[in-house]
Amino acid sequence: MSDAPPRKIIHVDMDAFYASVEQRDDPALRGKPVAVGGGHRGVVAAASYEARRFGVRSAMPSVTAKRLCPDLIFVKPRFDVYRAVSQQIRAIFLDYTDLVEPLSLDEAYLDVTEDRKNLGSARAIAEDIRRRIREECQLTASAGVSYCKFIAKLASDHRKPDGLCVITPEKGPEFVASLPVARFHGVGPVTARKMERLGIHTGADLQALSLPQLQAHFGSSAEWYWRICRGIDEREVKPDRPYKSVSAERTFDEDLRDPERLAAELERISGYAWARIERAEVIGRTVTLKVKFADFELITRSKSFATPVPDQPAFTAAGQALLAALHPVPKGIRLLGLGLHNLNEVNSAAPAQLGLAI
């Protein structure tokens, strides 16, 4: 690590954000298992903690969620409300620091190395932020406080829900060593399974391997794994976090195969996606079609151009051409999505994705 004084970084993560907003706004839902999204054909966008106790998770097919929790209550998402609440929370963050890096509507990093309100410590700042979210938004948030982004994010998940966890620099490597590698941000399910096949189950197991040993198995990612398992992460909190992609998708009430019906649905999805592209103020060169079949097989098809896609008609036409190339489809389609990639703002370290399910 550098010789500079350690940063003071907070990772704030709202507790079951979408579901908690719904329970806040409808007292009849409080204390009950709630899934946002889902319904007859969709997937779960978020689940309340009451539902999570049954194993219900986000991105789970609604039929699976209902089987796990027969009393599950499905609620249609209200993204305009979630965005408004997210902006209210963001305004609270900005009272404490200008260095706020949103990761999504419900979580963000804050660099509070400068104690703007003279509260005395990063812990005190995190406690005050959580208090204000509870009082002003009637919601709970968990927070992790540490000297780097990687450990702050791990810490925020450590005492969920409505928890606060502080990991000091001297405790960083020990804290990471105690955790399963599957919980590490940046270690996906495929990599976690590969690590487990190699006998790497915890951060301590990862620490036991040299950089050359890790490079033999993980190539260019090896240095990142070597550093984070030792609590080394020098990434800065960056307020202006660029988008990697902007997209919209729709899950249908019934499987579709008719080309005209699918084209009409894609036209609608394109309109939602382009509206988000304009709000994000980005341009891009690659149009990507996402297709999920009735058996949940997922495919993507992309078309890249030499110059940015100029307008919605061109964006829609590219998507329709990608869809037309799939006909006749071998089986029913349950979901279509359309997105724009290769955007003009590039941040290879930690790009964001802006997506919408409709």
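This text follows the structure it describes.
Residues numbered from 1 in each chain as written. Predicted model: local features only at pLDDT ≥ 70, side-chain atom pairs only at ≥ 80, totals over all residues. Heavy atoms only, no water.

**Student:** Hey, could you go over the environment of Glu22 for me, with residue numbers and the actual values?
**Tutor:** Here Glu22 is to be found in helix α1 (residues 17-25). When the C-alpha atoms of Glu22 and Val75 are compared, they prove to be 7.9 Å apart, with 53 residues separating the residues in sequence. Discounting chain neighbours no more than four positions away, the residues touching Glu22 are Leu29, Val36, Val75, Lys76, Arg78 and Tyr82. (Helix = DSSP H or I, 4+ residues; strand = E, 2+ residues; numbered from the N terminus. Contact = heavy atoms within 4.5 Å.)

**Student:** Requested: an account of the nonpolar core, with residues and values cited.
**Tutor:** If you look at the biggest cluster of nonpolar residues, it comprises 32 residues, and the most contacted ones within it are Ile10, Phe17, Phe93, Leu110 and Ile133. Going through the elements one at a time, β1 (9-14), α1, α4 (79-94), β6 (107-111), α5 (122-137) and β7 (141-146) are the ones with two or more residues in this core. Non-local contacts of Phe93, meaning those with residues more than four positions away in its chain, are made with Val12, Val100, Ala108, Leu110, Ile129 and Ile133. Membership of the second largest hydrophobic core comes to 29 residues, among which are Val246, Ala248, Leu326 and Leu340. (Core = buried A, V, L, I, M, F, W, Y, C linked by side-chain atoms within 4.5 Å. Buried < 20%, exposed > 50% of the residue type's maximum accessible area, 1.4 Å probe, protein only.)

**Student:** An account of the pattern of salt bridges is needed here, citing residue identities and associated values.
**Tutor:** Going through the model one piece at a time under the given rule, you end up with 25 salt bridges. The residue Lys153 makes a salt bridge to Glu107 at a minimum N-O spacing of 2.8 Å. Pair noted here: Lys153 is in helix α6 (residues 149-156) and Glu107 is in strand β6, with a separation of 46 residues, a long-range link. Given a relative accessible area of 17%, Lys153 falls into the buried group. In this structure, Arg250 engages Glu265 in a salt bridge whose closest nitrogen and oxygen atoms are separated by 3.4 Å. Linking Arg250 in strand β9 (residues 243-256) with Glu265 in helix α12 (residues 259-280), this pair joins segments that are 15 residues apart in sequence. In this structure, Arg250 and Glu265 share a single accessibility class: buried. Each of Glu22, Arg24, Asp25 and Arg78 takes part in salt bridges that share partners, so that together they form one network. (Salt bridge = Lys/Arg side-chain N within 4 Å of Asp/Glu carboxyl O.)

**Student:** Provide a residue-level description of the packing of aromatic side chains, including the pertinent values.
**Tutor:** Taken as a whole and assessed by the stated rule, the structure comprises nine aromatic pairs. Their ring planes at 85° and their centres at 5.8 Å tell us that Phe79 and Tyr82 sit as a pair that is edge-to-face. You can see Phe79 and its partner Tyr82 sitting in helix α4, three residues apart, about one turn around the helix. Tyr82 matches Phe79 in its accessibility class, with the two residues each being buried. Aromatic pair Phe150 and Phe184: ring centres 5.5 Å apart, planes at 90°, arrangement edge-to-face. In this pair, Phe150 is assigned in helix α6 and Phe184 in the loop between α7 (172-177) and α8 (189-197), connecting sequence segments 34 residues apart. With relative accessibility at 2%, the residue Phe150 sits in the buried group. For Phe184, a relative accessible area of 2% corresponds to the buried category. Here the aromatic residues Phe17, Tyr18, Phe79 and Tyr82 are joined through ring pairs into a cluster of three or more. Its guanidinium or amino end placed over the ring of Tyr49, Arg52 lies 4.5 Å from that ring's centre, counting from NZ or CZ. Directly above the ring of Tyr96 sits Lys117, whose terminal nitrogen or CZ lies 5.4 Å from the centroid. (Phe/Tyr/Trp six-rings, centres within 6.5 Å; stacked < 30°, edge-to-face > 60°. Lys NZ or Arg CZ within 6 Å of the ring centre and 35° of its normal.)

**Student:** Tell me what's going on with the environment of Phe252, and back it up with residues and numbers.
**Tutor:** Note that Phe252 resides in strand β9. Here Phe252 falls in the buried class, since its relative accessible area comes to 2%.

**Student:** Run through α4, naming residues and quoting values.
**Tutor:** Given a rise of 1.5 Å per residue, 16 residues ought to cover 22 Å, and the 22 Å separating the end C-alpha atoms of α4 matches this to within 8%. Those residues of α4 that fall on the buried side of the exposure criterion are Phe79, Tyr82, Val85, Ser86, Ile89, Ile92 and Phe93. Along the long axis of α4, the arc covered by the buried residues comes to 130°, so they all point the same way. Of the exposed residues in α4, the ones pointing more than 90 degrees away from its buried face are Asp80 and Gln87. (Expected span 1.5 Å × (residues − 1). Arc of directions from axis to C-beta.)

**Student:** Just give me the short version of unusual backbone geometry, but keep the residues and values in it.
**Tutor:** Lys160 connects to Pro161 through a cis peptide bond whose omega is -10°. Tracing the backbone shows Pro161 in the loop between α6 and β8 (164-166). Between His327 and the following residue, Pro328, the backbone shows a cis peptide bond with an omega angle of 0°. Considering the arrangement of structural elements, one finds Pro328 in the loop between α13 (312-324) and β12 (333-343). One non-glycine residue with positive phi stands out, namely Phe296, at about 75°. With respect to the element layout, Phe296 can be found in the loop between β10 (284-293) and β11 (298-304).

**Student:** Which residues make up the sheet that holds β1, and what values go with them?
**Tutor:** Spatial ordering of the open sheet is given by β5-β6-β1-β7-β8, a layout of five strands whose pairing is mixed. A strand with exactly one partner marks an edge of an open sheet, and here the two such strands are β5 (100-104) and β8. Adjacent strand axes in the sheet meet at a mean angle of 15°, parallel and antiparallel pairs treated alike. Where β1 and β6 come together, five bridges link them in antiparallel fashion. What sits directly across from Asp13, in β6, is Glu107. (Pairing = 2+ DSSP bridges. Axes fitted to C-alpha atoms, helices over the stretch in contact; angles between N-to-C directions.)

Function cannot be inferred from these measures alone, as they are strictly geometric.
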